[in-house]
Each structure stands twice: as C-alpha cells, then as structure tokens.
Amino acid sequence: MSDQITNILLVGVGGQGILLASEILSETFMLAGFDVKKSEIHGMSQRGGSVVSHVRYGKEVFSPIVPEGEGDILFGFELMETCRALPLLKKGGRVVVNDLRIQPPSVLMGQESYPEGLVDRIRSRFPDFLLVDGQKLALEAGNPRAANTVLLGAVSKRLDIDEKFWLTALEKLVPKKALEINRKAFMLGRNL
Amino acid sequence: MHEILSGNEAIARGAYEAGVKVACAYPGTPSTEILETIIQYKEINSSWAPNEKVALEVAIGASFGGGRSLVAMKHVGVNVAADPLFTLSYTGVNGGLLLVVADDPEMHSSQNEQDSRNYAKFAKIPMLEPADSRECKEFTRLAFELSEQYDTPVMLRSTTRISHGKSIVDLAEPVTGLAEPKLSRNPSKLVMLPGNAKIRHPLVEERLVKLSAAGCTMPINRQELRDTKVGIITAGVCYQYVREVLPDASTLKLGMVHPLPRDLIREFAAKVDRLYVVEELDPFIEEQVKAMGIAVTGKEIFSLCGELTPGRIRKAFGLPGGDASAGEKLPGRPPNMCPGCPHRGVFFALNQLKAYVTGDIGCYTLGFMPPLSAMDTCICMGASIGTATGVVKVVGEEERKKVVAVIGDSTFLHTGINGLMDMVYNNAPATVVILDNRITAMTGRQDNPASGFTLMNEPTSRIDFPLLCKALGVKHIRVINPLDLEETKRVLQEEMSRPEPSVIITDKPCVLINREGVFTKGPVYQVDADQCTGCRACLKIGCPAIEWKPGEGKKGKAFIDPLLCTGCDVCRQLCKFDAIGRSK
C-alpha cells in the first residue's frame, strides 16, 4: 500500500444527507483495509446552513480535516456550496456535483440573486468535472430522495475501490426498507 | 473487532468497557452524542439532568456510593458545574469519576471559546486529552484507573474536531472484578467543613506532585524523536496536524495535559535545537514551560483565537500551502429557523412591537437574524431573565415596557428559573416569554423535565409551566398559540404594558419532534399567483419554504415549496390579498 492519502470533501446544505454519505464512504474505505478519518461540524449548521464533511483514507491518516488546497475529490450536493469549497481542492482535483440549486435566505427573500453560470465557472477551473442529474436518476431508481446515493455511485467510479465494499457499506448503513432503491440508485450513478 | 466511531461514540464505548454504572449530562454541542450513544449499553444508568451542576452532583453521588460514573458537558457547562467540581477535588472519589468536557475552538456552535484546560489547573485535578477516537476510548478507560488510584476526579478534554471526527477504534470487553457499589461512610473525607477541608487541601497538592512525576513514565506522554532540529510539544488534534504538516519534526505528544510531566519536558527540550508548543486557544502548556525556564516559541506565531488547521500551522511556520478563505464572494448561507417553527411568529411580533429582547441559548437565538431581527442580548444559558430584571432597574418608565426576556423550555429549567424567582421576589416589571416547544431542540431534540420522557425514552412526569410560575409567585400568566399572530401580538402588548412581572408561555411543539402525537404536519399552503400582488409581506418572516421569484408578474411573486411547508398558517395571516391558502 502506498503512503498516498486520498482526500474527499463533501459539501452542501444542512439536511441534505451529507453525513450519511460520508459515513458510507468511511465504512467502505475501512472495509477495503485502509486507515480512515473523517470530520464535520454538527449543531448550528444543521439548520439549513453550509455543511462541509472531510473524509480521508490511506495507509496512515493523521489530520481528520483535509489540509487546505489538498482535496482530491469535491463531492458537491449543491452548486453554490460546491463553488464556495473550491479553494479546498488541489489543482487538477476532480469535481462530482449534483445539478441542484438551493436558495439561501437572502435569495429567498429577494435581497440577492442566486449566482449565474456556476457550472461553467467550476468546469473552467476544474476540467475533471461531472455534473449529475441526481434527482432524475433517483426518480428512475424509484425515489427522488435517493439522489445522494446516485452521486455516491458516481464518486465511487472515480476511486479505486472494489465494488463489493461499496455494496457492503450500503447494506450496513442504509435502512433495510430503502436498501433496494439505494442499491439501484448507486449503480445508476456508478455507470455514468 | 474494529469500528469507525466518532470521538463521542468512542468515549461512550470507553465508559462501557470501564464498567461505568452511571452517566449523566446536560446536552451541549459538541458533547451531546456521548450520552445519546451511551444509552445502547443497558448496564449504564444514563440520564439527562436539568443542568451541568446537577449532572455532576449525580455523578458525585454515584461515585460516593461506590460506582464508576461519567458526566459530560460542553465547555461552558463547566462554568455551571464548577461549584461542586472544586470541592470534589478535595473530597476525592470512591468509585472513579470522569468529567468529559468538549471544547469548541472556532465557536462552531458556542457563545465563547474558553479553554477548559484552565479548569483542570484551577481545580487541581488531572486532565487527559485524546488525539483521535482510538485514544478517546483508551483514555476514558485509563481515566477511571487514575481516578481511583489517585483518589481524584479526572477530566477528559475533547474539542469539536475530536468529538465529531471519526476514526477506527478497536473494541474490547468490559473490565471485570470491580467492587459492587454499597454505602460506606467516611464523613471526615466527604463532609467539607473547614476543619476537614484543611486536612484535605495538602493532600490535593501532594496528589498533583505525584501525578506530575508519574506522567513522565505514562505511555500516553511520549517522545517521538525524528529530526531534532525542531521539537514540538503538542496534544489533542493539534498533534495530528503537526504530524501532517511537519512529518520530520520530533514531537512530545502529551496525553495528560495537566499536571504536566515536567521532567519529561526538560528531557525533550534538551534533545532538540528549537522548541515549539502547538496548542489551540490559550498558551496553557507554553506558559508553564516558560515558567520552568525553558525557551519555547508558541503564541508569537499562533493565534490565541479560533482553531488551528494544517493550513494555519503551515502559515505559522512559513511553509507554503492553500488558503481556505481565497474563494469568490457568494451569498452566505446562515442557519435559519425551520419552516413551521413555532418561534417565528413570536419574534415577528416582538420585532413589530420594537421590544428590547434579552435573549438566551437555543434555536430561538436565531431570532437575532434578519428579517426577524428581534434580539438585543444573549449571554449564556438562563441569562435572559436576570438581564431583563437588570435593564428594567435602570431605564425609565416608558422604556421599561419594551423589555422582554425570551427563553426556551429547557433553558428555563436549566438556570432560568432562578432568574424568574428573582424577578418576582424583587418585583421587576419585565415580561418573560417561555418558548415551550417541548424539547431541547438546538442540540438535536433531547428530552428534558418538561417533555414527559427520559433519555431512555421512558414516560415520566412533565413539568407544568403555568403551575410552576404560579408557585414562584407570578400573578400574570398567559398561555398562547404562537402560530396565531394576532393573539401573540395582542397578549405581548398587554403584558408588556403591565407594571408588574408577567409570564407568557407559548404552547406549540418543535416541528422536528418525531414522537407520535406531538407534532403533526398540517395541509400545505400555496400562493394563488393571480391574487399575489408582489407586496412581499410574507417574506418578512424569513420562512425557508417561501421563495421570492423576481421574474414573475410585474413586481415578482411569492411561491411556497410544498415539500418544505408544514402548514403552520403564519404566512397566510400576513397576506392582505388572500393569495395564500391551503392547497387543494
């Protein structure tokens, strides 16, 4: 095993299910035999605020947070939050982002507008870029709430981890009654 | 067997493996999950206390009764529990006692970033500081051994990054052979009258000397010699950042941050050319090392404020690295009250009445945020009522009528009740609003003495707020539906103009309570686009379910997201054009 550490950042809005996605990532890496650390902030941020979760794996991981500017993969659940987190990503880093805009309070109240052209802005700086229509594929899998799992599938494709570990982690962490739909959603994302 | 656990989960596991009998806490980010996790171990009697002082006193009793006990709180909780803590240092323990404190450098969810290590020094007790989840579990187990061996309460300090960080932990079986708890009397040790305390104090001082010496050979304090040009003394999550940023530097990793292993520090300092301390917040280790006459660099290059990160440490050492703040300017995304939150209407009314609002700690502190913008002070748990009393004592008669204290159910029972006693006893003519949403919401919906359930989800007695206020001597007590804007505003106005203390109790549950029969979502609302004139009145409550669409119609129109709307009806009451109604 090389000493290389892989750094993943999950970003979005409180309530989007980022914590569960980062749990599944961490579990998968542990099952695959790696050391894993993850970090995030609970509390205030859950009331619709910005959320950043850090997941790192490799032979031996020290810091639970990704050093600034060293993110390998930015896993975005929402476009503006993805744009906000770009400074955390290394040059040439990969971006997988859900094609979703959630308006912050100032936009809802008509005081500011939601920024235009975010997709192009992100793509121009990080050409290794995948825009996923998570909602559409989740519907295809059978439940619009499985969009995160579609994205997780798309992220999984960009990491060199055997498929069986992903599926075992899903089975452990997703509630039984939602498992079949989530498996389907995961594979839809993975095959993008 | 290994699992990925958060620091908090690992502390809970450590308590189980250490044979803890009693665990008690008041919820507070980032410590809350310790007790929420510990309930899976049925061997442990776990409970929420109304505040941290009571939680510690319960743990003290369990210890005196011969059982191992754990008490957990956030950093500011120690301020509340400090009174029993300082004398517990003198009595020592019977069963081992561990106080877990979770600090919040950077104030991710707190009103200050006090450094709890000072409490260990102040109370003259040992403090352990783990650097990941594995150490959280191991140090928790060790803490009970130290507690009993040295007859002392032990503190274990975590920080947000440790409590809410996850890493791999090896699980073990619980210890066996602990003595069964039973009553044993030892009044000269446990009754802290001056005569007894005078005998105990020198023992406390001796204990610290012994612990400092023992710390020099404890495996949790370890020298890691690499390149000796740079030597770094560090502890907790900072150790991980140092290893990340300066992999070649020698480190003295401290697992016990109080008392410091002085001889070990001298030994390490002699081996390295240049000595640094890397620690968050106060120069706690640095000042003690300097007092030993050892040259060391610390806060000259590190901030006293906020948390450290790998990038901030790089910058301090003049190394290149990324800057997280270098991004473009985007609209912010602050936290907000949930759609349907019963606090929203109260703050809307307080804003309209131009009240001077003394605030408190809870979800409703978000009443400070625009567009509600109805909070003028917020100090600590329970402070709103005392603050209001003080304000009305100094301002003129007309301004007095503007003063309103707001406080949640759990916060009122935590320490607000004393403030109300004082307000009534000393006849301060302010208005108190108890925002009873039947749960401790901000920390993630924990039960409390007014919710009717225990931490173990067992039904229990439920505090009757009107009756309680009556017993305290409040003559004017009103119970209102905070989702009825007209009633809320009218009752507030009436009570604010009264030259006597009065209490208004709001009676609607938190929308996040999923216990059956407490909160039920109503039929959702929608905007009739033909009726909507674009007047923006409904935007004044800042509901996340209402979206402004500037491109619609002449002036723009409002839209309600049916997935977010809970049917609270508040926006409908604001619409003068009957454009908002229940979806058909």
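Of regular secondary structure, chain A possesses 8 helices and 6 strands. Each helix (α) and strand (β) of chain A, taken in turn from the N terminus, gives the series β-α-β-β-β-α-β-α-α-β-α-α-α-α. Taking 192 residues into account, the globule formula puts the C-alpha radius of gyration at 16 Å, and chain A, at 16 Å, falls close to it. Taking the principal axes of its C-alpha atoms as reference, chain A extends roughly 50 × 40 × 35 Å. Out of the 192 residues belonging to chain A, those deemed buried represent 57%. Counted over contacts in chain A with a minimum sequence separation of 6, partners at least 24 positions apart contribute 66%.

This part covers the pairing of strand β11 (residues 249–254) of chain B. For a regular strand, side-chain orientation follows a simple rule: the groups alternate between the two sheet faces. All names here are of chain B. Extensive coverage of β11 is indicated by the burial of 6 of its 6 residues. One ladder, built from 3 bridges, connects strand β9 (residues 222–224) with β11; its direction is antiparallel. Bridge pairing in β11 links E224 to T251. Where strand β10 (residues 227–235) meets β11, 6 bridges bridge the pair, whose relative direction is parallel. Looking across to β11, one finds that T234 is bridged to K253. Since β10 and β11 lie parallel, the crossover through helix α10 (residues 236–245) that links them has a hand, and here it is right-handed.

Before going further, it helps to examine the domain arrangement of chain B. Residue and element names in this part refer to chain B. Once the domains are mapped, chain B shows domain 1 (2–215), domain 2 (222–316), domain 3 (343–507) and domain 4 (525–582). Computed from C-alpha atoms alone, the centre-to-centre distance between domain 1 and domain 3 is 33 Å. Opposite the 15 residues of domain 1 that make contact, domain 3 presents 16 residues. Listed by contribution, the elements that provide at least two residues to the side of domain 1 that touches domain 3 are β3 (45–48) and α4 (75–91). It is β3 that provides the largest number of residues to the side of domain 1 that touches domain 3, a total of 3 residues. Grouping the constituent residues of the side of domain 1 that touches domain 3 by class yields 8 nonpolar, 7 polar and no charged.

Residues and elements named next belong to chain A. Following both chains from N to C, one finds helix α5 (residues 134–141) and helix α6 (residues 147–157) inclined at 105°, their axes separated by 8 Å at the closest point. Taken as axis vectors, α5 and α6 run roughly perpendicular relative to one another. When α5 is examined against α6, the residues G134, Q135, L137 and A138 are found in contact with a partner set consisting of A147, V150 and L151. The residue makeup of the contact of α5 with α6, split by class, is 5 nonpolar, 2 polar and no charged.

Once that is clear, we can look at helix α17 (residues 409–425) of chain B. In an α-helix, one full turn covers 3.6 residues, which means residues spaced three or four apart are oriented alike. Residue and element names in this part refer to chain B. If you check α17, its first and last C-alpha atoms are just 21 Å apart, much less than what 17 residues at 1.5 Å a residue would give, namely 24 Å. T415 marks where α17 bends most, by close to 70°. The element α17 is largely enclosed, with a buried count of 13 among its 17 residues. Phi turns positive one or two residues past the end of α17, at N427, with a value near 50°.

Conventions adopted
- Residues numbered from 1 in each chain as written.
- Chains lettered and ligands numbered in written order.
- Predicted model: local features only at pLDDT ≥ 70, side-chain atom pairs only at ≥ 80, totals over all residues.
- Helix = DSSP H or I, 4+ residues; strand = E, 2+ residues; numbered from the N terminus.
- Rg over C-alpha atoms; globule rule 2.2 N^0.38 Å.
- Buried ≥ 20, exposed ≤ 12 C-beta atoms within 10 Å, placed from the backbone.
- Contact = placed C-beta atoms within 7 Å.
- Pairing = 2+ DSSP bridges.
- Right-handed = clockwise from strand over helix to strand, strands pointing away.
- Domains from an automatic or database assignment.
- Nonpolar A, V, L, I, M, F, W, Y, C, P; charged D, E, K, R; others polar.
- Axes fitted to C-alpha atoms, helices over the stretch in contact; angles between N-to-C directions.
- Parallel < 35°, antiparallel > 145°, perpendicular 65-115°, else oblique.
- Expected span 1.5 Å × (residues − 1).
- Bend = angle between axes of the 7 residues up to and from the residue.

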